Amino acid sequence: MMSPGVKQRYVVSRPIYSEDSFTEGYEKVYRHRKTMLDHAKQYFTCNAKRAKNVVLSLFPIIGWMKIYRIKEWLVSDIVSGISTGLVAVLQGLAYCLLASLPAWYGLFSAFFPVVCYFFLGTSRHISVGPFPVLCLMIGSVVTRLVPDEGPAANITGFEGLTTDQQRVLVASSVSFLVGIMQRMGLLQVGFVVMYLSDTLVSGFTTAAAIHIVVSQLKFVLGAGSPGLTGPLAIIYTLESIFKQITSANVCDLVIALVVMVVVFIVKELNDRFKSKLPVPIPIEVIMTVIACGVFYGFDFESTYGIAVVGEIPRGYEAPVAPNLQIFQETAVEAFPMAIVGFAVAFSVAKVYSVKHDYTIDGNQELIAFGVSNIFGASFKSFAASTALSRSAVQESTGGKTQVAGLLSAIIVMIVTLAIGFLLKPLPTSVLGAVVIVNLKGMLMQFREVPYLWRKDRPDCVVWVVTCIASILLGLDLGLAVGLGVELISVVLRTQFPRCSLLANIKGTDIYKDRKDYVDIYEPEGVKIFRIPSPIFFANIEFFRTKVVEAIGFNPLRVLRKRNKALRRIRKLVKKGELHWTSKGFLSTSNGPIIESEDERNSEELDQPTDFRDLPTRINWNANLPANIVVPKVDLHSLILDFAAVSFLDIAALKGLKTLLRELVRVEVKVYIVACDRYILEKLHDCAFFDDEIQPSMFYLTLHDATLNILEKHPESTEKKPEYEKILTTVTVHHPSGRLRTRERNVSRSSAYLL
C-alpha cells in the first residue's frame, strides 16, 4: 500500500478521440432492441416459472412465511400485536369522528383491511387501518352529501335510511371507489406516487393536521358545529365555533385538557426513555380505561350533559353493495384519497424496509391497499392507510412481521364481538383530545420551513403553497394546487438551468466553472459552454440565448452583416470602383461611397458566405475596403459540453441544428462532447447531419476536443519552450506494495499540458 503522505497520480497516453475515430478503433457489442411487439409478447407469455412468480408476487405472505423464525419472532409479534391492537381500538373510535360516522365503524376499518393486507402486503411493519388525513377527506365528502343541517343529496338508495345509515353508505361507497383506483396497481402504475415529493407530502399533511384540530374542537368544547366543506370551509367552521363558544360544555373542555396534558407528558417521556423502556407506555389506552371507569361510576352524561360514544352494537353487519350514483358524485374526491392514502403508507413502509433491510414492491402495495379497501368497504368500513403513531408502536414493541398486524386485528375483533359495551360511557371529548395530541408530529413539520428556505427555496415554495392552499381551499384542491406548483418548479428548473463557461484547471484534464477557480487556463479563441439539463421545446430558446451571451455575438446577425458586405463589395467591383491588388482591395472612387439599403432577396443574407466570384477570401477580422464595417469575431472554436443532456426532442433538434449552422457559417468550429449514445443515434435517425453539420464534430471528452483545437490552432496556446519535451512521471503499483517510478519523454506532437 502507498504511504499516507504520498499522493496517487495517474498518466494516460492515448490518441485524441472523436466519436467517429473511437467507433472505428473499438468494436461495439450489438444489442438487439426490443420492439413494442417483443415487450407485448414477453408480458403475455405464460409458463410455469412465470405463473409461480406471479403467485409469489401477488401473495408475498408465501415468501416471508417460509423464513419465519417461530422461536425468535413469535413472542415479539404477540407482544407487538396486543399493544398495537389496543391502540388500534382507540384510534379507530377516535378517527371515525373525523369521518363524521358513528364511532364503532372505526373498529371495522381497524379489522377488515388489516386481514387483507396480511396476505397481500409487502411491508412487515406498518399497521394498516384508519389514517386521520384520509378520515378527514372522507368526512368532507360525507358531510357534503349528507350535511348536518338540511336535506341530503338526491341519491337513489337513500330512501328509508337514517342519517347515520346514509353517511355509512356514502363512506363505504367512496372507500370502494378508492380501492378500485388503487387496484390500478395491476396495471403497474404504482410509480405515480413518485410525483408526490416528501416536501409536498409534508406541507399537505401539516395542513391536514390543522384541519383535524379544527374539526375536533367541537368535541373538545362540546359545542355543536355543522360540518362544512369546500373552499374556506375552515374559516367558516372557526367562525361557527367561536360564535358558540359561550355555550361550550366546561366539563368536556376540562376533561379534554386533562387528557391532552397527561398524554402529551407521557408521550414525551416515552420518546426520551425509549431506549430504557421495554415497550412504550400505552397512555392513550390507560386514559381511556380510566375515563370509562370514572364516567360509568359517576354518570357524567346525565349530570353534565357530555357527549359519549354510546351503545356499540355487537358483531359485524351484513356486507353491502356500493352505490353507483355515489361513485359519480365522488369520483373527483376519491382520486386524491387513493393517492394520499397510498403515498403516506408507502413512505412509512419505505422507512421501515430500509431500517430492517428488506424490499417492498410499490405496485404490490397499491394492489394490497386496493383489495383491502374494496373488501373492507363491502363490510361498511372506510378507506384505510396507516397511522404513523400506530406503526411506530408496532415496530418499537418488537413486531417482526404482519403476524403482529393480524393479532392486532384479533384484538379489535374481540372488542367488537364481546367487550365493546364497556366503551359506552367513553366521552367523545377524550377521543378528540387523543386525536389532537397524536397530531404533534404532523404539526411540528412547520420547523422544516426555515431549513428549506436556506437550502432549497423552490422546495420551500412548494411546501408553503401546498400547506396554505390545502388549508384554505380544502385538502383535495390543495393537493392539486401543490402538485401543480411542484411540477411547475421542476419544469422551471429544467427550462432555466444554470449554464456556465468552463475552463481548464492548469496541469490537469479537469474542466470547471471559470468563475469558481483562480488557477485556470483558457485558450484564446475558444469557449467551452455547459448546459446541465435536457434540451427540449421549452428551453431551446433559452439555450440559444445563453450560448449567444457566452460567445459575445449573435452569429445570425454577423452572418447577415458579412453577406451585406459581400453584396456591396461585388457591386463596387462590378462598377470598377474597387480593384484587387497585391496589397488587397483598392478603392478608385474619389467621392464618398453611398451605402445601399437594398434589402431585396433578404433570404440570401442567411446563406453561407460565397467568395466564388471574388479573387480571394476576405479576412473579416481585418480592415475592409470602402469603409465597410463588419463585427469582428475573435472566436474560432466553441465546445458544447453535453454530458448532462439526457435527451433532445424534435423541436430541440431543429433549434440546435439552426444554431450550429449559423456558427459554422461565420467560421466558428463547433465541437460537441460527452454526448449520450442514444442522442447520437437519434441525430442520425432524424437526418441531423449534412454538408455543414457533420458527425466529426462529436468528441468523447472535453480534453479530447481541446487538444484537437490546440493542435489545429497552435497560436491559441502560450508558447512555452520548456514544454517541447514533457517529462512525465508514471507511478506503477505492484502487488508487493512497493512503488516503482520510471521517466519518459513525450513529444509535444502527441501530448499537451494545459
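All values derive from a computational prediction rather than experimental measurement.

## Remarks on the overall build of the chain
In step 1: Each helix and strand in the chain was counted, giving 28 helices and 13 strands.
In step 2: Taking the contacts inside the chain whose residues are at least 6 apart along the sequence as the reference set, 79% of them involve residues at least 24 apart.
In step 3: Accessible surface, the chain as shown: approximately 39000 Å² in total, 60% of it carbon and sulfur.

## With respect to the nonpolar core
In step 1: Leu 93, Val 133 and Val 170 are the most contacted members of the largest nonpolar core, which has 114 residues in total.
In step 2: The biggest single contributor to this core is helix H15 (residues 324–356), with 15 residues.
In step 3: Residues in contact with Leu 93, not counting those within four places in the same chain, are Ala 103, Trp 104, Leu 107, Ile 312, Leu 423, Leu 426 and Leu 431.

## Re helix H12 (residues 250–272)
In step 1: With 23 residues, H12 should reach 33 Å at 1.5 Å per residue; the first-to-last C-alpha distance of 33 Å fits that figure.
In step 2: All of the buried residues along H12 are Cys 251, Asp 252, Ile 255, Ala 256, Val 259, Met 260, Val 263, Val 266 and Asn 270.
In step 3: Those residues of H12 hidden inside the fold are in contact with helix H10 (198–221), helix H13 (283–298), helix H14 (300–304) and helix H19 (428–437).

## Some points on the pattern of salt bridges
In step 1: Using the criterion set out here, one finds 23 salt bridges in the structure.
In step 2: Taking the shortest distance from any N to any O, the salt bridge between Arg 144 and Glu 333 comes out at 2.9 Å. With a gap of 189 residues between them, Arg 144 in helix H8 (residues 132–145) and Glu 333 in helix H15 connect regions that are remote in the sequence.
In step 3: The partner of Asp 519 in a salt bridge is Lys 506, with the nearest N and O atoms 3.9 Å apart. Separated by 13 residues along the polypeptide, Asp 519 in the loop between strand E4 (511–513) and strand E5 (520–521) and Lys 506 in the loop between strand E3 (500–505) and E4 bring together distant segments of the chain.
In step 4: Where salt bridges share partners, they join Lys 657, Arg 661, Arg 665, Asp 690 and Glu 692 into one cluster.

## With respect to the packing of aromatic side chains
In step 1: Evaluated as defined, the whole model comprises 29 aromatic pairs.
In step 2: Aromatic pair Phe 536 and Phe 537: ring centres 5.6 Å apart, planes at 80 degrees, arrangement edge-to-face.
In step 3: Through successive ring pairs, a cluster of aromatic residues spans Trp 104, Tyr 105, Phe 108, Phe 111, Phe 112, Tyr 316, Phe 375 and Phe 379.
In step 4: The side chain of Lys 669 reaches across the aromatic face of Tyr 671, ending 5.9 Å from its centre.
In step 5: Geometry around Tyr 678 places Arg 677 over its ring, the cationic atom sitting 4.4 Å from the centre.

## Some details on a nonpolar patch on the surface
In step 1: On the surface, a cluster of nonpolar side chains totalling about 560 Å² of accessible area is made up of Leu 232, Ile 235, Tyr 236, Ile 468, Leu 472, Leu 473 and Leu 477.
In step 2: Put simply, the parts of the chain that give the nonpolar patch at least two residues each are helix H11 (233–243) and helix H22 (457–473).
In step 3: Per element, the largest residue contribution to the nonpolar patch is three residues, and it comes from H22.
In step 4: With respect to the secondary-structure elements, Leu 473 resides in helix H22.
In step 5: For Leu 473, a relative accessible area of 32% puts it in the partly exposed group.

## As for H19
In step 1: With 10 of 10 residues buried, H19 is to be regarded as a mostly interior element.
In step 2: What H19 keeps buried is the set Thr 428, Ser 429, Val 430, Leu 431, Gly 432, Ala 433, Val 434, Val 435, Ile 436 and Val 437.
In step 3: Where H19 is buried, its residues touch helix H5 (70–98), H10, H12, H13 and helix H20 (440–443).

## Things to note about the confidence of the model for the chain
In step 1: Of the residues in the chain, 89% have a pLDDT of 70 or more, and the chain-wide mean is 83.
In step 2: Under a pLDDT of 50 for its full length, residues 719–754 has, in the predicted model, 57 contacts with residues more than four places off or in other chains.

## Some words on the environment of Leu 161
In step 1: With respect to the helices, strands and loops of the structure, Leu 161 is situated in the loop between H8 and helix H9 (163–182).
In step 2: For Leu 161, a relative accessible area of 31% puts it in the partly exposed group.

## Re the pairing of strand E9 (residues 637–641)
Each regular strand shows side chains that alternate between the opposite faces of the sheet.
In step 1: The buried fraction of E9 is high, at five of five residues.
In step 2: With burial as the criterion, each face of E9 is covered, one bearing Ser 637, Ile 639 and Asp 641 and the other bearing Leu 638 and Leu 640.
In step 3: Pairing of strand E6 (residues 526–530) with E9 involves five bridges; the strand directions are parallel. For Arg 530, the partnering residue across the bridge sits in E9 and is Asp 641.
In step 4: Note: E9 against strand E10 (residues 669–673), five bridges, orientation parallel. Counted as the bridge partner of Asp 641 is Val 673 from E10.

## Comments concerning the side chain of Asn 504
In step 1: With respect to the helices and strands, Asn 504 occurs in strand E3.
In step 2: By relative accessible area, Asn 504 is classed as buried at 2%.
In step 3: Polar contacts involving the side chain of Asn 504 include one to the main-chain carbonyl oxygen of Ile 510, which spans 3.4 Å.

## Things to note about the side chain of Gln 445
In step 1: As for its placement among the helices and strands, Gln 445 is situated in the loop between H20 and helix H21 (448–455).
In step 2: Note on Gln 445: relative accessible area 17%, which makes it buried.
In step 3: Of note is the side chain of Gln 445, whose polar atom sits 3.0 Å from the side chain of Thr 205.
In step 4: Here the side chain of Gln 445 touches Met 442 through a polar contact of 3.1 Å, landing on its backbone oxygen.
In step 5: In this structure, Gln 445 is in contact with Ser 202, Thr 205, Thr 206 and Trp 463, ignoring residues within four places of it in sequence.

## Concerning the pairing of E3
In step 1: The buried fraction of E3 amounts to six of the six residues, a majority that puts the element mostly inside the structure.
In step 2: Where E3 lies against E6, three bridges are found, and the strand directions are antiparallel. Along E6, the bridge assignment pairs Leu 501 with Phe 529.
In step 3: As defined by bridge partners, E3 adjoins E4 across three bridges and the pair is classed as antiparallel. Bridge pairing in E4 places Asn 504 opposite Tyr 511.
In step 4: Here E3 folds back onto E4, and the loop between the two strands holds five residues, one of which, Gly 507, carries a positive phi near 80 degrees.
In step 5: Bridge count between E3 and E5: two bridges; the pairing is antiparallel. If you follow Asn 504 over to E5, its bridge partner there is Tyr 521.

## Observations concerning unusual backbone geometry
In step 1: At Ala 674, a position not held by glycine, the phi torsion is positive, near 55 degrees.
In step 2: Mapped onto the secondary structure, Ala 674 falls in the loop between E10 and helix H27 (677–685).
In step 3: Residue Ala 687 is not a glycine yet carries a positive backbone phi of 55 degrees.
In step 4: Relative to the helices and strands, Ala 687 resides in the loop between H27 and strand E11 (698–699).

Analysis parameters
Residues numbered from 1 in each chain as written. Predicted model: local features only at pLDDT ≥ 70, side-chain atom pairs only at ≥ 80, totals over all residues. Heavy atoms only, no water. Helix = DSSP H or I, 4+ residues; strand = E, 2+ residues; numbered from the N terminus. Contact = heavy atoms within 4.5 Å. Areas by Shrake-Rupley, 256 points an atom, 1.4 Å probe, with all protein chains shown as cover. Core = buried A, V, L, I, M, F, W, Y, C linked by side-chain atoms within 4.5 Å. Buried < 20%, exposed > 50% of the residue type's maximum accessible area, 1.4 Å probe, protein only. Expected span 1.5 Å × (residues − 1). Salt bridge = Lys/Arg side-chain N within 4 Å of Asp/Glu carboxyl O. Phe/Tyr/Trp six-rings, centres within 6.5 Å; stacked < 30°, edge-to-face > 60°. Lys NZ or Arg CZ within 6 Å of the ring centre and 35° of its normal. Patch = residues over 30% accessible without salt bridge, like charges linked within 9 Å, V, L, I, M, F, W, Y side chains within 5 Å. pLDDT = per-residue confidence, 0-100. Pairing = 2+ DSSP bridges. Polar contact = N/O pair within 3.5 Å; in protein donor to acceptor, adjacent residues only side chain to side chain.

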